[in-house]
Amino acid sequence: MLLGVNIDHVATLRNVRQAKEPDVIKAALICENLGVAGITTHLREDRRHIKDDDVIKLKTILHTRLNLEMAMTDEMQKIALELKPAACCIVPEKRQELTTEGGLDVAGQQKRVIEFVKPLKDAGIEVSMFIDPDAKQIEASHIAGAPFIELHTGAYAEAFGTNRENTEFLKLKSAAVFAQSLNLKVNAGHGLDYENVKRMHEIPNLVELNIGHSIIARAVFVGLEKAVKEMKDLIA
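Residues numbered from 1 in each chain as written. Predicted model: local features only at pLDDT ≥ 70, side-chain atom pairs only at ≥ 80, totals over all residues. Heavy atoms only, no water.

**Student:** Break down the packing of helix α6 (residues 135–144) against helix α8 (residues 165–181) for me, with residues and values.
**Tutor:** Packing of α6 against α8 leaves a shortest axis separation of 10 Å and a crossing angle of 25°. Between α6 and α8, the angle falls in the class roughly parallel. The element α6 and its partner α8 pack so that their crossing is right-handed. The segment α6 lies against α8, with Ala135, Ile138 and Glu139 engaging Ala175, Phe178 and Ala179. Of the residues belonging to the contact of α6 with α8, the class tally is five nonpolar, no polar and one charged. (Axes fitted to C-alpha atoms, helices over the stretch in contact; angles between N-to-C directions. Helix = DSSP H or I, 4+ residues; strand = E, 2+ residues; numbered from the N terminus. Parallel < 35°, antiparallel > 145°, perpendicular 65-115°, else oblique. Left-handed = near helix turned anticlockwise from the far one by under 90°. Contact = heavy atoms within 4.5 Å. Nonpolar A, V, L, I, M, F, W, Y, C, P; charged D, E, K, R; others polar.)

So this is what it looks like as structure tokens:
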């Protein structure tokens, strides 16, 4: 499995004091130099962490893949088409949430998703739909023409170590197998940490895990380089 590192929380810490540090670009370059598959960042409508200038600089400087998480809005589509990141992951977004709370309802807005995805694909951007491990959403993502899905692992992460862990894990595993039967490529992420990530090896043919908060939190104590290396070793 490949590792994509989400650097949003580096920007969160920077923005608390409206300061220049910690430097988001420097953090991304440290991760890149360690051989991660990509840098993920979520440009939210309210710009609560990553800013437009950050994304522009990352696209200019990075040699590895830039994966732009974004809501399904006209503004974000326009930014993506101008920036042309390697990949876009379409996520649901609510102003009041602390972090993304669930997967995108692709099935409930099928026509809108198809119309949103097509220009991104035509521009050569690899599109992924961030969805819950649900067959209906997987089928809708396939119909929408997105080559990738990213399975929302939040329910599994919350259940880890409880009697619900295996139930939530099997949902992920079954969803991945079903998506692959439709020739979709499968990524996963949200809430994964240095303990619960180990079970991702039990899911066949996962392409990439996108992990942010746990890596940045670990970096506070051991440094970013060690934190990334430790996660890379766990998912290798």
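**Student:** Residues and numbers for the side chain of Asn196, please.
**Tutor:** Of note, Asn196 is situated in the loop between β7 (185–189) and β8 (208–211). In contact with Asn196, other than residues within four places in its own chain, are Tyr156, Ala157, Phe160 and Gly191.

**Student:** Tell me what's going on with the sheet that holds strand β1 (residues 2–6), and back it up with residues and numbers.
**Tutor:** Pairing is parallel around the closed barrel formed by eight strands, whose spatial order is β1-β2-β3-β4-β5-β6-β7-β8. Averaged over all pairs of adjacent strands, the angle between strand axes in this sheet comes to 25°, irrespective of strand direction. Here four bridges tie strand β3 (residues 65–70) to strand β4 (residues 87–90), and the two strands are oriented parallel to one another. When the bridges of β4 are listed, Leu68 appears paired with Cys88. (Pairing = 2+ DSSP bridges.)

**Student:** An account of the packing of helix α5 (residues 110–122) against α6 is requested, with residue identities and associated values reported.
**Tutor:** In the contact formed by α5 and α6, the axes pass within 9 Å of each other and the chain directions differ by 40°. What the angle tells us is that α5 and α6 run oblique. The interaxial crossing formed by α5 with α6 has right-handed handedness. Contacts between α5 and α6 involve Gln110, Val113, Ile114 and Val117 from the former and Ala140, Ile143 and Ala144 from the latter. Of the residues in the contact of α5 with α6, the class split is six nonpolar, one polar and no charged.

**Student:** Would you mind going over the side chain of Gln110 in detail, with residue names and values included?
**Tutor:** You can see Gln110 is positioned in helix α5. Discounting chain neighbours no more than four positions away, the residues touching Gln110 are Ala140, Ile143 and Ala144.

**Student:** How would you sum up the packing of aromatic side chains? Please name residues and give values.
**Tutor:** Scanning the entire structure with this criterion turns up two aromatic pairs. Ring plane angle 75° and centroid distance 6.0 Å describe the contact between Tyr156 and Phe160, whose orientation is recorded as edge-to-face. One aromatic cluster is present, formed by Tyr156, Phe160 and Phe169 through successive ring pairs. When the ring centre of Phe169 is taken as reference, the NZ or CZ atom of Arg199 above it lies at 4.0 Å. The side chain of Arg218 reaches across the aromatic face of Tyr194, ending 6.0 Å from its centre. (Phe/Tyr/Trp six-rings, centres within 6.5 Å; stacked < 30°, edge-to-face > 60°. Lys NZ or Arg CZ within 6 Å of the ring centre and 35° of its normal.)

**Student:** How would you explain helix α4 (residues 74–83) if you had to name every residue and give the values?
**Tutor:** Within α4, the full set of buried residues consists of Met76, Gln77, Ile79, Ala80 and Leu83. Relative to the axis of α4, the buried residues are bounded by an arc of 160° and lie together on one face. Residues of α4 that are exposed and point over 90 degrees away from its buried face: Asp74, Lys78 and Glu82. Residues of α4 that are buried in the fold lie against α3 (52–61), β3, β4 and α5. (Buried < 20%, exposed > 50% of the residue type's maximum accessible area, 1.4 Å probe, protein only. Arc of directions from axis to C-beta.)

**Student:** So what's going on with the pattern of salt bridges? Residues and values would help.
**Tutor:** Pairing between side chains of opposite charge can happen when their charged atoms approach one another. Throughout the structure, instances matching the rule amount to 18 salt bridges. Of the charged contacts in the structure, one is a salt bridge between Lys226 and Glu230, with a shortest N-O distance of 2.5 Å. With Lys226 and Glu230 both in helix α10 (residues 224–235), this residue pair falls four residues apart, about one helical turn. The class for Lys226 is partly exposed, based on a relative accessible area of 42%. Of the residues examined, Glu230 reaches a relative accessible area of 18% and is grouped as buried. (Salt bridge = Lys/Arg side-chain N within 4 Å of Asp/Glu carboxyl O.)

**Student:** Explain helix α9 (residues 213–222) to me, using residue names and the numbers behind them.
**Tutor:** Ser214, Ile215, Ile216 and Ala219 are the residues of α9 that are buried. Where α9 is buried, its residues contact β1, α1 (8–16), β8 and α10. Backbone geometry just after α9 places Gly223 at a positive phi near 95°.

Don't take any of this as a statement about function, it's just geometry.
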